[in-house]
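Observations on the model geometry
Okay, here's what each chain looks like letter by letter:
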Amino acid sequence: MPNVLETRITNRFRVQPNHANNNNTLHGGNLMKWLDEVSAMSAMRFAGETCVTAQVNELDFERPIRIGDTALVEAYVYDEGRTSVHVALRAWREEPRSGETEKTTESSFTFVAIDADGKPVPVPDLTVESDEGARLRERALEADY
């Protein structure tokens, strides 16, 4: 059975001018796409199946990410249903020269595992095998997305 830490994926995206809005900061739609991509990878690693987005839970843009910064996205599975997978997400603005980070976004997405015919399939039980995994899972459950 997969554990929380095995589903943790972190990815970086360089924010270029073509990712920007009229304020020369990362367009929210681009960040949502990146959140969806990274969380889908986490969900599929957990389920061992193709997973499709079923729900985007509360998504707040706390601060902007500027052109030239790096968007750092972290995702991990924190809970499961019969065929659903709940993925916690956080994003940071990272200054590429110093590595200084500042949290910009927090959310959770729900996915459904599907088979080759697009029909929902059961997912395994999530396990917690470390203090770090327990801490991450508890933080996501307390966030009450």
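See above for the structure.
A few points on the structure. (Residues numbered from 1 in each chain as written. Predicted model: local features only at pLDDT ≥ 70, side-chain atom pairs only at ≥ 80, totals over all residues. Heavy atoms only, no water.)

**Digging into the environment of Leu 89**
Within the secondary structure layout, Leu 89 lies in strand E5 (residues 84-94). Sequence separation of Leu 89 and Leu 72 is 17 residues, and the distance between their C-alpha atoms is 11 Å. Residues contacting Leu 89, with those up to four places away along its chain left out, are Leu 35, Ser 39, Val 73, Glu 74, Ala 75, Thr 105, Glu 106, Ser 107, Ser 108 and Phe 109. (Helix = DSSP H or I, 4+ residues; strand = E, 2+ residues; numbered from the N terminus. Contact = heavy atoms within 4.5 Å.)

**Thoughts on the pattern of salt bridges**
What the rule picks out here adds up to 17 salt bridges. The salt bridge partner of Lys 33 is Glu 37, with a shortest N-O separation of 3.7 Å. Of this pair, Lys 33 and Glu 37 both sit in helix H1 (residues 28-47), four residues apart, roughly one helical turn. Judged by its relative accessible area of 48%, Lys 33 falls in the partly exposed class. Put simply, Asp 79 and Arg 137 hold a salt bridge, and the shortest N to O gap is 3.3 Å. With a gap of 58 residues between them, Asp 79 in strand E4 (residues 70-80) and Arg 137 in helix H2 (residues 131-143) connect regions that are remote in the sequence. Linked through salt bridges whose partners overlap, the residues forming this network are Glu 62, Arg 63, Arg 66, Asp 69, Arg 93, Glu 100, Glu 102, Lys 103 and Glu 106. (Salt bridge = Lys/Arg side-chain N within 4 Å of Asp/Glu carboxyl O. Buried < 20%, exposed > 50% of the residue type's maximum accessible area, 1.4 Å probe, protein only.)

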